[in-house]
Amino acid sequence: MWKMGFKEWLFIVPTIVLIGIFSLWPVFQSLTYTFFDYRLNDQQKAGLYFNERFNVNLYKETQLYVTMFLDEDLPNVKDPADQKKVKSVNARLKSVGKQFANEKGVIKISRDQRADLVNLHHDAKNLVEALNGKYTLIHKDDLPALVDDIQNSIIPSNFIGFKGYNKIFHDDRVGIALRNTTLFTVVSVFIELVLGIGLALILNKAMFGQGIVRTTSLIPWAIPTAVAALMWSYLYNGSSGIVAHFFENVGLVKQSQDLLLSGPGAMASSILSDVWKTTPYMALLLLAGLQNIPSSLYEAGSIDGAGKIQSFFKITLPLLKPSILVALLFRTLDAFRVFDLIYVLTGGGPGGDTETLSIYAYKVMFGQTNFGYGSIIVMMMFICVAIIAILFVKFLGANLMEKN
Amino acid sequence: MQTSKRKLWITFGVFVAFYLFAMVFPFFWVFITSFKTSGEIFGTGAFRVIPKDPTLKNYITILFEKNILNSITNSFIVATTTTIYVVIVATFSAYAISRFHFKGKNILLGLILAVSMFPQMIMTGPVYNLFLKLDWLNSYAIVLPYSTITLPMAVWILVTHFNQIPLALEESAKIDGATTFQTLYKVIFPLAAPGVFTVAIITFIAAWNEFLLSITLNTNSEYHTVPVAISFLRTQFEILWGEVSAATAIVTIPTLIIVLFFQKQIVSGLTSGGVKE
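Residues numbered from 1 in each chain as written. Chains lettered and ligands numbered in written order. Predicted model: local features only at pLDDT ≥ 70, side-chain atom pairs only at ≥ 80, totals over all residues. Heavy atoms only, no water.

Caption draft 1: Inspection of the overall build of chain A at higher detail. If you tally the helices and strands in chain A, you get 17 helices and four strands. If you line up chain A on its principal axes, its C-alpha atoms span 115 × 70 × 35 Å. Taken over 404 residues, chain A has a buried fraction of 51%. Across chain A, every contact between residues at least 6 apart in sequence was considered, and the portion connecting residues at least 24 apart equals 73%. Charge centroids of chain A, computed over 36 positive and 32 negative side chains, lie 6 Å from each other. (Helix = DSSP H or I, 4+ residues; strand = E, 2+ residues; numbered from the N terminus. Buried < 20%, exposed > 50% of the residue type's maximum accessible area, 1.4 Å probe, protein only. Contact = heavy atoms within 4.5 Å. Lys, Arg positive; Asp, Glu negative; His and termini not counted. Charge placed at Lys NZ, Arg CZ, Asp CG, Glu CD.)

Here is the structure:
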């Protein structure tokens, strides 16, 4: 090993920058989102406002309409004293507008400016109410609502601290999603592991067919998950899907339609597709581990009188353990984060029975544009993933760094 | 003894045959469906193995009306760009990590490993907002966040590869007066080429298959990549399985070619990344 010089540091910089911007910064940003009631589709909440802010655009628009409407209604206002009041409010609205002539978007304002705005809203509101009581205005319905927008252009802080976290404990959908995710992960990874070990053992012994099996195994792994999911959704399809038809004939489901339209059926279908797609990958990983076990160990075992089953449990499994743990860790995390497969195959349905945490977070963030709450769900996933990784590394001893 | 061995072989054979059948059948069936008319797919001929009157209509619709070629082009651009820059960036840093001693090396390695375990959903929200602000939505800038799914894996595999190349080679190059850059270019790259190539293929496949970032950042159908475009073929109101099948058949071909030609490299990459040797 050599000492690192300045030039060598430059070799690492791009990696650090990319990982910093696109992997680490988003994590901290998501964490920040969780403390705010952050919704992109709500003007009052479309940003992270730790303090109060002032929406200049909204104010300018409001000012324009209020002054215009009041001017239009001026002929209806008979009392000269009231007319004077209307003019004074209009003048004040405009003078405030002038202060912010060069601003746009959402800005910070001083305490005095804020007090002015609140006063202005108060006076304008009283004026409109008084006018509406005395005269029949053209804009009698629009003006009160419009005047309130003066107040609305002061954006209250949407900082909510840990309140958002409180919400996930009362949200049934999170509980259901967590249960679905866990069920999906445990069952699919377990089946994949058992089949994967079996397949790897056979391939390790087989004299022929290794090449063709390896090629065939790589295809499901290599095609996009979305494409695989769509393919399976055709095979599972109630009216013309051959797998659904086959399951009906065998008696696994009563009606072929039940496969995707009933909760357990849809979950089983998702798991089956996942098993189809990733068992080969698992088998290849384990096969590599198996091929590293020296055959002399088996010979020694058989001389000492160990049977096939005994040598599997006493030689193969212990020596394969590191490979199994690493493969298990990565597969568990992949299954826990599952998105494309379920998004395309069932969309989380029917009735949320296959909705996983990723799917729910996606729906909240990009369906309802509620980034605050969506980030909380994502953060929960993040914590679960961290726990899974720590469990594997600390307690099962999956040593990932040993090589280096 | 002889018969029991034969029985074992038969069991193996049956198991392997069943496995191959299970792996290939979905593709086979989709391929058949792509030649069926929609009348046959939804009618009584749904389970017929050989189409009654085979047609190329599905392929023609997909290629010329639904413009699948556009999304294949997009996927190709995005995956190639990602592969090129990720491989370059990863090679340099993996070399430095493998060869040099510096403070925080283990932290960096641990961080890279941890990043590969992050739920992708955690990047999606902030990156979406970042792109919204920069006006990068619906563009090929999407290749930059692809680094979070490809770069950690690439660095990891390459560090393993570089560790297997003996230091002595470079030291003798240094004695002969080569600069760090020259050593890298003339000694290390030729030796590391197989590893770099493996990483390139795996990165390409990962970028080609990416779904979540693509569907959230590039919502405009002009920028849809293959996985997203295909998922949009299934609309809420009608599912034209014939067209879906034809599209699946078309987009599986590039993957198939890659797998057939580069299976050795892929397997070595997968196993060196996931399993200790």
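Caption draft 2: How the structure looks around the overall build of chain B. Helix and strand counts for chain B come out as twelve helices and one strand. When the helices and strands of chain B are read in sequence order from the N terminus, they spell out α-α-α-α-β-α-α-α-α-α-α-α-α. Relative to a compact globule of 277 residues, whose C-alpha radius of gyration would be 19 Å, chain B shows 24 Å and is clearly more extended. Considered along the principal axes of its C-alpha atoms, chain B spans approximately 75 × 75 × 30 Å. For chain B, the proportion of its 277 residues judged to be buried stands at 55%. Here the contacts in chain B between residues at least 6 apart in sequence split such that 72% fall between residues at least 24 apart. (Rg over C-alpha atoms; globule rule 2.2 N^0.38 Å.)

Caption draft 3: Examining the interface of chain B and chain A more closely. Listed per partner, the contact involves 102 residues of chain B and 96 residues of chain A. Of the roughly 9,400 Å² buried between chain B and chain A, counting both surfaces, carbon and sulfur atoms make up 78%. Linking chain B to chain A there are zero salt bridges. Connecting chain B to chain A are 13 residue pairs in polar contact (both at pLDDT 80 or more). Partitioning the side of chain B that touches chain A into residue classes produces 68 nonpolar, 25 polar and nine charged. (Buried area = accessible area lost by both parts, 1.4 Å probe. Salt bridge = Lys/Arg side-chain N within 4 Å of Asp/Glu carboxyl O. Polar contact = N/O pair within 3.5 Å; in protein donor to acceptor, adjacent residues only side chain to side chain. Nonpolar A, V, L, I, M, F, W, Y, C, P; charged D, E, K, R; others polar.)

Caption draft 4: Structural context of unusual backbone geometry. Look at A:T369: it is not a glycine, yet its phi comes out positive at around 45°. Within the secondary structure, A:T369 is located in the loop between α16 (357-367) and α17 (371-395).

Caption draft 5: Quick peek at the packing of aromatic side chains. Scanning all chains against the criterion turns up 43 aromatic pairs over all chains. Judged by centre distance (5.8 Å) and plane angle (25°), the rings of B:F25 and B:W29 are stacked. Placement of both B:F25 and B:W29 in helix α1 (residues 2-33) is noted, with a separation of four residues, approximately one turn of the helix. For the pair B:F25 and B:W29, one class covers both residues: buried. Here the aromatic rings of B:F197 and B:F262 are separated by 5.2 Å at their centres, their planes lie at 80°, and the arrangement is edge-to-face. Of this pair, B:F197 sits in helix α9 (residues 180-209) while B:F262 sits in helix α12 (residues 241-274), and the two are 65 residues apart along the sequence. For A:K167, the ring lying beneath its charged end belongs to A:Y373, and the centroid distance is 3.9 Å. (Phe/Tyr/Trp six-rings, centres within 6.5 Å; stacked < 30°, edge-to-face > 60°. Lys NZ or Arg CZ within 6 Å of the ring centre and 35° of its normal.)

Caption draft 6: Just the sheet that holds strand β2 (residues 53-55) of chain A, in detail. All names here are of chain A. A sheet is described by the order of its strands in space; here three strands give the open sequence β3-β2-β4, paired in antiparallel fashion. The outermost strands of the open sheet, each flanked by one partner alone, are β3 (106-107) and β4 (154-155). Direction of pairing for β2 relative to β3: antiparallel, over a ladder of two bridges. Looking at the pairing, F54 lines up with I107 of β3. (Pairing = 2+ DSSP bridges.)

Caption draft 7: Focus on empty space enclosed by the protein. Under the defined criterion, the tally for this structure stands at four cavities of 30 Å³ or more. The space that makes up the largest cavity amounts to roughly 1,400 Å³. Looking at side-chain class alone, the lining of the largest cavity contains 30 nonpolar, ten polar and seven charged residues. (1 Å grid on protein atoms, 1.4 Å probe; cavity = no way out; pocket = protein on both sides within 12 Å on 5 of 7 lines; lining within 4 Å. Points joined across faces, edges and corners; volume = space filled by probe spheres on them.)

Caption draft 8: Examining helix α9 (residues 225-236) of chain A more closely. Residues and elements named next belong to chain A. When the terminal C-alpha atoms of α9 are compared, their 16 Å separation across twelve residues agrees well with the 16 Å that a helix rising 1.5 Å per residue should span. Summarising burial for α9: eleven of the twelve residues are buried, a large majority. Where α9 is concerned, the buried positions are A226, V227, A228, A229, L230, M231, W232, S233, Y234, L235 and Y236. (Expected span 1.5 Å × (residues − 1).)

Caption draft 9: A look at the pattern of salt bridges. Residue and element names in this part refer to chain A. Here the structure, examined in full by the defined rule, presents 13 salt bridges over all chains. In this structure, D82 engages K134 in a salt bridge whose closest nitrogen and oxygen atoms are separated by 2.8 Å. Within this pair, whereas D82 is found in helix α3 (residues 80-99), its partner K134 is found in helix α4 (residues 111-134), the two being separated by 52 residues in sequence. The buried category is assigned to D82, whose relative accessible area is 6%. Among the ionic pairs, D148 bridges to K125, the shortest N-O distance being 3.8 Å. Linking D148 in helix α5 (residues 142-152) with K125 in helix α4, this pair joins segments that are 23 residues apart in sequence.

Caption draft 10: How the structure looks around a nonpolar patch on the surface. Residue and element names in this part refer to chain A. A grouping of F6, L10, V13, V17 and I21 is seen on the molecular surface, where their side chains present a nonpolar patch of about 460 Å² in accessible area. Along the chain, the position of I21 falls in helix α1 (residues 6-33). I21 sits in the partly exposed class, given a relative accessible area of 38%. (Patch = residues over 30% accessible without salt bridge, like charges linked within 9 Å, V, L, I, M, F, W, Y side chains within 5 Å. Areas by Shrake-Rupley, 256 points an atom, 1.4 Å probe, with all protein chains shown as cover.)

Caption draft 11: Looking closely at the packing of α17(A) against helix α6 (residues 121-134) of chain B. Two elements in contact, α17(A) and α6(B), have axes whose closest approach is 8 Å; the angle formed by their N-to-C orientations is 150°. Judged by the angle between their axes, α17(A) and α6(B) are roughly antiparallel. On the side of α17(A), the interface is formed by A:F371, A:V378, A:M379 and A:F382, while α6(B) contributes B:M121, B:I122, B:G125, B:Y128 and B:N129. By residue class, the composition of the contact of α17(A) with α6(B) is seven nonpolar, two polar and no charged. (Axes fitted to C-alpha atoms, helices over the stretch in contact; angles between N-to-C directions. Parallel < 35°, antiparallel > 145°, perpendicular 65-115°, else oblique.)

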